[in-house]
Amino acid sequence: MTMSKHDILEQLARTHTDAIAELTPLDPQRVIYAESGWRVKDIVGHIVTWEAEYLRALHTHRRGGEYAIDGYTDDDHFNGYAATQRMDEPIERFYDEWHALRDWLLILVRPLTDDQLEAELLFPDHMRASVRYLLIELLEHTQEHLIDIRAALDHPPEMTHP
């Protein structure tokens, strides 16, 4: 099912605020992904980093150009690099950035027509799809990580003792 423009705008306006309200009480140092050691803070930084990249792609597209991440080879490489670059930033900076990014996304999306939502653009990872698909991907990306965080909190890894 395709999301309507109204649904996209509604979710863009509230999902990050809901997510931040859910994440703020958590210990930012709590490890969620044991295999990588990514903490709550790292995941929030990761979400914000990708939202910034999606915003760059959409903004550039709206101005008649194309944007993709220079030197992008795959998600794992980019995610690892970005996480390393931002690992010492405080989580509060990520939350502030997330608010600003969503405000800019709403400014860019509100005036779009249905035809403009269906226009193809270049994604940051060099994929091509519609503007609507980019926005849905952005929203789903956040939800996927929130589901993982909830699961990790509900089922903490078993501790082994030597």
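Up top you'll find the structure we're talking about.
What you see is a predicted model, and the numbers here were worked out from it, not measured in a lab.

Caption draft 1: Examining the pattern of salt bridges more closely. Throughout the structure, instances matching the rule amount to 13 salt bridges. Note that Arg128 and Glu120 form a salt bridge whose closest N and O atoms lie 3.8 Å from each other. The exposure class assigned to Arg128 is partly exposed, which follows from its relative accessible area of 41%. Residues joined in a network through salt bridges with shared partners are Arg86, Glu89, Arg93 and Glu97.

Caption draft 2: How the structure looks around the side chain of His16. Assignment of secondary structure puts His16 in helix H1 (residues 5–23). Engagement of the side chain of His16 in a polar contact is seen with the side chain of His99, the distance being 3.0 Å. Discounting residues that sit within four places of it in the chain, His16 has contacts with Trp98, His99 and Arg102.

Caption draft 3: Region of the structure containing the packing of helix H2 (residues 40–62) against helix H6 (residues 131–154). The contact between H2 and H6 brings their axes to 11 Å, and the two run at 180 degrees. Taken together, the axes of H2 and H6 lie roughly antiparallel to each other. Along the contact surface, H2 presents Ile43, His46, Ile47, Trp50, Glu51, Tyr54, Ala57, Leu58 and His61, while H6 presents Val131, Leu134, Leu135, Glu137, Leu138, His141, Thr142, His145 and Ile149. Looking at the contact of H2 with H6, its residues break down into 11 nonpolar, 5 polar and 2 charged.

Caption draft 4: Spatial organisation of unusual backbone geometry. You will see that His126, though not glycine, has its phi angle at about 75 degrees, which is positive. Structurally, His126 can be placed in the loop between strand E3 (120–122) and strand E4 (128–130).

Caption draft 5: Just the packing of aromatic side chains, in detail. Under the criterion given, the structure shown has 6 aromatic pairs. With a centroid separation of 5.0 Å and an interplanar angle of 65 degrees, the aromatic rings of Trp50 and Phe78 are classed as edge-to-face. Of this pair, Trp50 sits in helix H2 while Phe78 sits in helix H3 (residues 75–86), and the two are 28 residues apart along the sequence. Grouping residues by exposure puts Trp50 and Phe78 together as buried. Following the ring pairs from residue to residue traces out a cluster consisting of Trp50, Tyr54, Tyr72, Phe78, Phe123 and Tyr133.

Caption draft 6: Quick look at the environment of Val48. Locating Val48 in the fold gives a position in helix H2. With 51 residues separating them along the chain, Val48 and His99 place their C-alpha atoms 9.5 Å apart. Residues within four places of Val48 in sequence aside, it is in contact with Arg86, Phe94, Glu97, Trp98 and Leu101.

Caption draft 7: Structural view of helix H4 (residues 91–109). Over its 19 residues, H4 extends 27 Å from the first C-alpha to the last, a length consistent with the 27 Å expected when each residue adds 1.5 Å. Buried within H4 are the following residues: Ile91, Phe94, Tyr95, Trp98, Leu101, Arg102, Leu105, Leu106, Leu108 and Val109. For H4, the angular spread of the buried residues around the axis is 155 degrees, confining them to a single face. Of the exposed residues in H4, the ones pointing more than 90 degrees away from its buried face are Glu92, Asp96 and Trp104. The secondary structure elements touched by the buried residues of H4 are H1, H2, H3 and H6.

Caption draft 8: Region of the structure containing the side chain of His145. Summarising the element assignment, His145 is placed in helix H6. At a separation of 2.7 Å, a polar atom in the side chain of His145 contacts the side chain of Tyr33. Those residues in contact with His145, other than ones at most four positions away along the chain, are Tyr33, Ile43, His46 and Ile47.

Caption draft 9: Representation of the environment of Ala151. In this structure, Ala151 sits in helix H6. In this structure Ala151 comes out as partly exposed when scored by relative accessible area, which is 38%. When the C-alpha positions of Ala151 and Thr113 are compared, they lie 38 Å apart, and in sequence the two are 38 residues distant.

Thresholds applied
Residues numbered from 1 in each chain as written. Predicted model: local features only at pLDDT ≥ 70, side-chain atom pairs only at ≥ 80, totals over all residues. Heavy atoms only, no water. Salt bridge = Lys/Arg side-chain N within 4 Å of Asp/Glu carboxyl O. Buried < 20%, exposed > 50% of the residue type's maximum accessible area, 1.4 Å probe, protein only. Helix = DSSP H or I, 4+ residues; strand = E, 2+ residues; numbered from the N terminus. Polar contact = N/O pair within 3.5 Å; in protein donor to acceptor, adjacent residues only side chain to side chain. Contact = heavy atoms within 4.5 Å. Axes fitted to C-alpha atoms, helices over the stretch in contact; angles between N-to-C directions. Parallel < 35°, antiparallel > 145°, perpendicular 65-115°, else oblique. Nonpolar A, V, L, I, M, F, W, Y, C, P; charged D, E, K, R; others polar. Phe/Tyr/Trp six-rings, centres within 6.5 Å; stacked < 30°, edge-to-face > 60°. Expected span 1.5 Å × (residues − 1). Arc of directions from axis to C-beta.

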